[in-house]
Amino acid sequence: SSGGHPHFRALVIDRLKARWSPEQIAGRLLADGVSPVRVCTETIYRFIYGKEDQALELHQHLAEGRRKRRPRGSRKPRDGTFPAACRISQRPDFIGNRSQFGHWEGDLLIFQRDLGNANVTSLVERKSRYTVMIKNHSRHSRPIMDKIIETFSPLPAFARQSFTFDRGTEFAGFRALEEGIGARSWFCDPSAPWQKGAVENTNKRIRRFMPGDTDLSAVSQQQLVALAQHMNALPRKCLGYRTPTEVFMAHLRE
């Protein structure tokens, strides 16, 4: 219990109110050596969600703001969803080194909650940096996958061989891509967004035009297509100052 160390307890509450995470608080107390007791991240979570301190409503200062704590270990994805055979470590080198055309990275761009559930799938072809943007009305996986299938089915098979995603639940329906358009899916390791660096970089570019407080109900799919066309028409240093559209089209013609 934190009862025996009121000064220390006040310190933890202050840090939580300043939006420090339990991990940051515990790490800093350890680094500063000021803690009268040895504190770990788990101790702080127990304090936040403990019976005696519930009235303080400290959970509201956490990033997730959950009223009830999730059982420990519940956030680990079941391997059934993203099997070992689909891990990025199994992905062939010709995808990793960009030597083969037709391999994409995909991600979901989320916007402020109070503006509704609409979101955007951003997809980028690794070799040409060609970007595609698709508007979705929810985060349910199947409709998201169906839109990808619909968007990519006009392309020849060699131009849509695989997709690399993170392990978000919105990509759990990835098997539909294999059935629908014959495309493989690969998944980054947990908490390793840099493993799909091409789409992370593209997202930063998109955010210049569409920050988090954009109201997507006012943005049509046609406008997303126009924004993607604008981005694909900009010369890129990594392409020897050719544009993604030029490189993408050259590959399609080959």
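Everything below is about the structure printed above this text.
Asker: Help me understand the overall build of the chain in this model?
Answerer: Along the backbone of the chain there are nine helices and five strands. Secondary structure elements of the chain, listed N to C terminal, follow the sequence α-α-α-α-β-β-β-α-β-α-β-α-α-α. Projected onto the principal axes, the alpha-carbon positions of the chain cover approximately 75 × 40 × 35 Å. Relative to its 254 residues, the chain shows a buried fraction of 41%. A separation threshold of at least 6 residues defines the contact pool for the chain, and within that pool the share at least 24 residues apart is 58%. Element-wise, carbon and sulfur atoms account for 51% of the exposed surface of the chain, whose accessible area totals about 14300 Å². For the chain, the distance from the average position of its 41 positive side-chain charges to the average position of its 26 negative side-chain charges is 2 Å.

Asker: So what exactly am I meant to see when it comes to the sheet that holds strand β3 (residues 131–136) here?
Answerer: Strand pairing in a sheet takes place through backbone hydrogen bonds and is either antiparallel or parallel in direction. One open sheet holds the five strands; their spatial order is β3-β2-β1-β4-β5, and the pairing between them is mixed. Since the sheet does not close on itself, it has two edges, and those belong to β3 and β5 (184–187), each with one partner. The mean inter-strand angle of the sheet, taken between neighbouring strand axes irrespective of direction, is 25 degrees. As paired strands, strand β2 (residues 119–125) and β3 are joined by six bridges and run antiparallel to one another. Looking across to β3, one finds that Ser122 is bridged to Met133. Strand contacts of helix α5 (residues 141–152): β1 (103–109), β2, β3 and β4 (162–165), with the helix running at about 135 degrees to β3, the strand carrying the most contacts. Its contacts with the sheet place helix α7 (residues 197–209) against β1, β2 and β3, and it is angled at close to 45 degrees to β1.

Asker: Which parts of the structure should I look at to understand the packing of helix α2 (residues 22–32) against helix α3 (residues 41–49)?
Answerer: Each pair of packed helices gets described by two things: the angle between the helix axes and the distance between those axes. Remark: α2 packs on α3, axes separated minimally by 8 Å, with the N-to-C direction vectors making an angle of 130 degrees. Here α2 lies oblique to α3, going by the angle between them. In this structure, α2 crosses over α3, and the sense of that crossing is right-handed. Contact residues: α2 offers Pro22, Glu23, Ile25 and Ala26, while α3 offers Thr41, Ile44, Tyr45 and Ile48. Residues belonging to the contact of α2 with α3 are distributed by class as follows: six nonpolar, one polar and one charged.

Asker: Sorry, what's going on with the pairing of β1 here?
Answerer: A regular strand places its side chains so that they alternate between the two faces of the sheet. Along β1, seven of the seven residues are buried, which leaves the element largely enclosed by surrounding structure. Covered by surrounding structure in β1 are His103, Glu105, Asp107 and Leu109 together with Trp104, Gly106 and Leu108, the residues of both alternating faces. The pairing of β1 with β2 spans six bridges and is antiparallel. From the neighbouring strand, Glu105 faces β2, where its bridge partner is Val124.

Asker: Teacher, can you tell me more about the packing of aromatic side chains here?
Answerer: What describes a pair of aromatic rings is the distance from one ring centre to the other and the angle between the planes of the rings. Considering all chains together, one arrives at 12 aromatic pairs under this definition. Judged by centre distance (4.7 Å) and plane angle (90 degrees), the rings of Trp104 and Phe152 are edge-to-face. Here Phe152 lies in helix α5 and Trp104 lies in strand β1, a separation of 48 residues in the sequence. A single burial state applies to Trp104 and to Phe152, both of which are buried. Grouping aromatic residues by their ring pairs yields a cluster made of Phe82, Phe101, Trp104, Tyr130, Phe152, Phe158, Phe163, Phe165, Phe171, Phe174, Phe187 and Phe248.

Asker: I keep staring at the nonpolar core and nothing clicks. Help me out?
Answerer: Nonpolar side chains tend toward joint burial in soluble globular proteins. Judged by nonpolar contacts, the single largest core of 26 residues is most densely connected at Trp104, Leu123, Ile148, Phe152, Phe163, Phe165 and Leu177. Those elements that provide at least two residues to this core are β1, β3, α5, β4 and α6 (175–181). Element by element, the count of residues in this core is highest for α5, at five residues. Setting aside residues up to four positions removed in sequence, Leu177 forms contacts with Met145, Ile148, Ile149, Phe163, Phe165, Gly182, Ala183 and Ser185. Among the nonpolar cores identified, the runner-up in size contains 14 residues, and Ala26, Leu29, Val39 and Leu62 belong to it.

Asker: What am I meant to see in the side chain of Thr214 here?
Answerer: Note that Thr214 resides in the loop between α7 and α8 (221–232). In contact with Thr214, other than residues within four places in its own chain, are Phe111, Leu115 and Val219.

Asker: In this structure, what is going on with the environment of His5? I would like to understand it.
Answerer: Of note, His5 is situated in the segment before α1 (6–17). Along the sequence, His5 and Gln60 sit 55 residues apart, while their C-alpha atoms lie 23 Å from each other.

Asker: Explanation requested: the environment of Pro154 in the structure shown.
Answerer: Along the chain, the position of Pro154 falls in the loop between α5 and β4. Considering only alpha carbons, one finds Pro154 and Ile181, 27 residues apart in sequence, at a separation of 9.6 Å.

Criteria and cut-off values
Residues numbered from 1 in each chain as written. Predicted model: local features only at pLDDT ≥ 70, side-chain atom pairs only at ≥ 80, totals over all residues. Heavy atoms only, no water. Helix = DSSP H or I, 4+ residues; strand = E, 2+ residues; numbered from the N terminus. Buried < 20%, exposed > 50% of the residue type's maximum accessible area, 1.4 Å probe, protein only. Contact = heavy atoms within 4.5 Å. Areas by Shrake-Rupley, 256 points an atom, 1.4 Å probe, with all protein chains shown as cover. Lys, Arg positive; Asp, Glu negative; His and termini not counted. Charge placed at Lys NZ, Arg CZ, Asp CG, Glu CD. Pairing = 2+ DSSP bridges. Axes fitted to C-alpha atoms, helices over the stretch in contact; angles between N-to-C directions. Parallel < 35°, antiparallel > 145°, perpendicular 65-115°, else oblique. Left-handed = near helix turned anticlockwise from the far one by under 90°. Nonpolar A, V, L, I, M, F, W, Y, C, P; charged D, E, K, R; others polar. Phe/Tyr/Trp six-rings, centres within 6.5 Å; stacked < 30°, edge-to-face > 60°. Core = buried A, V, L, I, M, F, W, Y, C linked by side-chain atoms within 4.5 Å.

Such coordinate-based values are descriptive only and should not be taken to indicate function.
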